[in-house]
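Report on the structure
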Amino acid sequence: MSILSVIFWLSVFIVCYSYIGYGVLLYLIIRAKRLLQGKPADKPAAFVPDVTFLVAAYNEEDFIGEKIKNSLAMDYPAGKIQFIFVTDGSTDNTNEIISQHPQVKLLYDPQRRGKMAAVNRAMGFVTTPFVVLSDANTLLNPAAVSLLMQRFADDKVGAVAGEKKVMPTTGGAEAQGEGMYWKYESLLKKWDAELYSVMGAAGELIAIRTSLYEHQQEDTILDDFMISFRINMKGYTVMYEPAAYAMETSSASLQEEYKRKVRISAGGFQSMGRLLPLLNPFRYPRITWQYISHRVLRWTLAPLSLLLALVSNILLILLGAGAIYMITGLLQLLFYAAALTGYLLARKHIKAKYFYIPFYFVFMNVAVYIGCIRFFRKRQSAVWERAQRSIAVQ
């Protein structure tokens, strides 16, 4: 077999494993684990500890009132929950709106240093054994805090990730793509947690043991990702509670979604550099395989393999390597043609699922390339940049 053939088939394997194979293998392992363990243990007694509900906000005057109303309506004993909103750097009416609610402790510093710096500062005011972090542009279900706390009845649990749901919006096809992506990610999170631990919690809703919080560097781009993995590295698991969910609208446009994906990708490269010990299976035998399969490959070899599979396939056809490469070349051509069609339809805000899925897949991987370039050229800031979101359907 020629070197080009090896490159092609290895690239195809890496792409298929990263996005499909890992999920299939994970599911099979979970099924085997269930058979070996038998009937699940009974649910523990109610666990209702003191907790702080912490929200970091930047220039959220249009939504902060609704966020406060939603937060105060949590189905949790009033004497056991405290509310802290930190708004460092905000220049609109966010502080004035929060000040109208005496139940909420407002922390404000006029200097704008980014979300991570704000959260680090606010954690110094937390006196409860548990803290729930929630984004300012999300709404939670009333039972969210209670459900998250229940998971901490297990002393081995260091953090609990909630579910992210994308609300129906007046936005175009980008809402459909984002929603489908998160449904698949939620399924993988469920299986990851059942095997051992969630591979990175979403910042929309995460609860942690206060004693395990580790101040992150202020230039951290993916604060939620780093917080949860630092807890993993201390020997604790990050569990998943899908019944506790945070709802937010999709990005207002493809451009906004692209900016968000690029930022996440740049943050992914930063995080991998700071979490290098997790690549050592001898030091973290229960995390390394999941971490590499679910996260590292998607930010490194999978996007590269997409390009290598296409280029090597074209070269093999030109060299007359065989009919099989004509077939794989045609399949790739059809896939990218569908992605291009999905892109053109998305620009016209036309929802066509069978075209949008391949487009969103390519879209995410292109964002990885751009995010990589921005990170290594140090052009991705960790400072807040408020994203434009679609309007939710009432």
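Look up a bit, the structure's there.
This report concerns the structure included in the present document.

So, how was this worked out
Residues numbered from 1 in each chain as written. Predicted model: local features only at pLDDT ≥ 70, side-chain atom pairs only at ≥ 80, totals over all residues. Heavy atoms only, no water. Core = buried A, V, L, I, M, F, W, Y, C linked by side-chain atoms within 4.5 Å. Buried < 20%, exposed > 50% of the residue type's maximum accessible area, 1.4 Å probe, protein only. Contact = heavy atoms within 4.5 Å. Axes fitted to C-alpha atoms, helices over the stretch in contact; angles between N-to-C directions. Helix = DSSP H or I, 4+ residues; strand = E, 2+ residues; numbered from the N terminus. Parallel < 35°, antiparallel > 145°, perpendicular 65-115°, else oblique. Left-handed = near helix turned anticlockwise from the far one by under 90°. Nonpolar A, V, L, I, M, F, W, Y, C, P; charged D, E, K, R; others polar. Expected span 1.5 Å × (residues − 1). Pairing = 2+ DSSP bridges. Polar contact = N/O pair within 3.5 Å; in protein donor to acceptor, adjacent residues only side chain to side chain. Right-handed = clockwise from strand over helix to strand, strands pointing away.

**Comments concerning the nonpolar core**
Counting 56 residues, the largest nonpolar core has L54, V132, V145, M149 and I208 as the members making the most contacts within it. Setting aside chain neighbours within four positions, we find L54 in contact with I84, V86, V119, A122, M123, V131, V132, L133 and S134. Ranked by size, the runner-up nonpolar core spans 19 residues in total, among them F269, Y284, I287 and V368.

**Brief notes about the packing of helix α8 (residues 254–274) against helix α9 (residues 288–299)**
Where α8 contacts α9, the two axes come as close as 9 Å, and the packing angle between them is 120°. In terms of orientation, α8 and α9 fall into the oblique class. Considering how the two elements wind past one another, α8 and α9 form a crossing that is left-handed. Where α8 abuts α9, its residues I264, S265, G268, F269 and M272 lie against Y291, V296 and W299. Broken down by class, the residue content of the contact of α8 with α9 amounts to 6 nonpolar, 2 polar and no charged.

**Structural notes on helix α10 (residues 301–318)**
In this model α10 runs 25 Å from its N-terminal to its C-terminal C-alpha over 18 residues, within 8% of the 26 Å that 1.5 Å per residue would give. Those residues of α10 not exposed but buried are A302, P303, S305, L306, A309, S312, N313 and L316. Looking at the buried side of α10, the elements it contacts are α1 (3–37), α9, α11 (323–347) and α12 (353–376). Of the residues flanking the end of α10, it is G320, one or two places downstream, whose phi is positive at about 65°.

**Details of the sheet that holds strand β8 (residues 237–248)**
Either a parallel or an antiparallel arrangement is found when strands of a sheet pair, and the pairing is made through backbone hydrogen bonds. Ordered by their spatial adjacency, 8 strands build an open sheet running β3-β2-β1-β4-β7-β6-β8-β5, and the pairing between neighbours is mixed. Edge positions in the sheet fall to β3 (104–107) and β5 (139–140), since each has one partner strand and no second. Taken together, the 2 bridges between β5 and β8 define a ladder with antiparallel strand orientation. Across the sheet, residue L140 finds its bridge partner in β8, namely A246. On the sheet, helix α4 (residues 115–123) packs against β1 (51–56), β2 (81–86), β3, β4 (130–135) and β7 (205–209) and is oriented at approximately 155° with respect to β1.

**Brief notes about the side chain of K164**
In this fold, K164 is placed in strand β6 (residues 157–166). Here the side chain of K164 touches E248 through a polar contact of 3.1 Å, side chain to side chain.

**Observations concerning the pairing of β1**
Across the 6 residues of β1, 6 count as buried, placing the element largely inside the fold. By the alternation rule, side chains of β1 split into V51, F53 and V55 and T52, L54 and A56, which are all buried. Pairing analysis gives 6 bridges linking β1 to β2, with the strands arranged parallel. Counterpart to A56 in the pairing with β2 is V86. Handedness of the β-α-β unit built from β1, helix α2 (residues 64–72) and β2 comes out right-handed. In this structure, β1 lies alongside β4, joined through 6 bridges in parallel fashion. Among the inter-strand pairings, T52 is bridged to a residue of β4, identified as V131.

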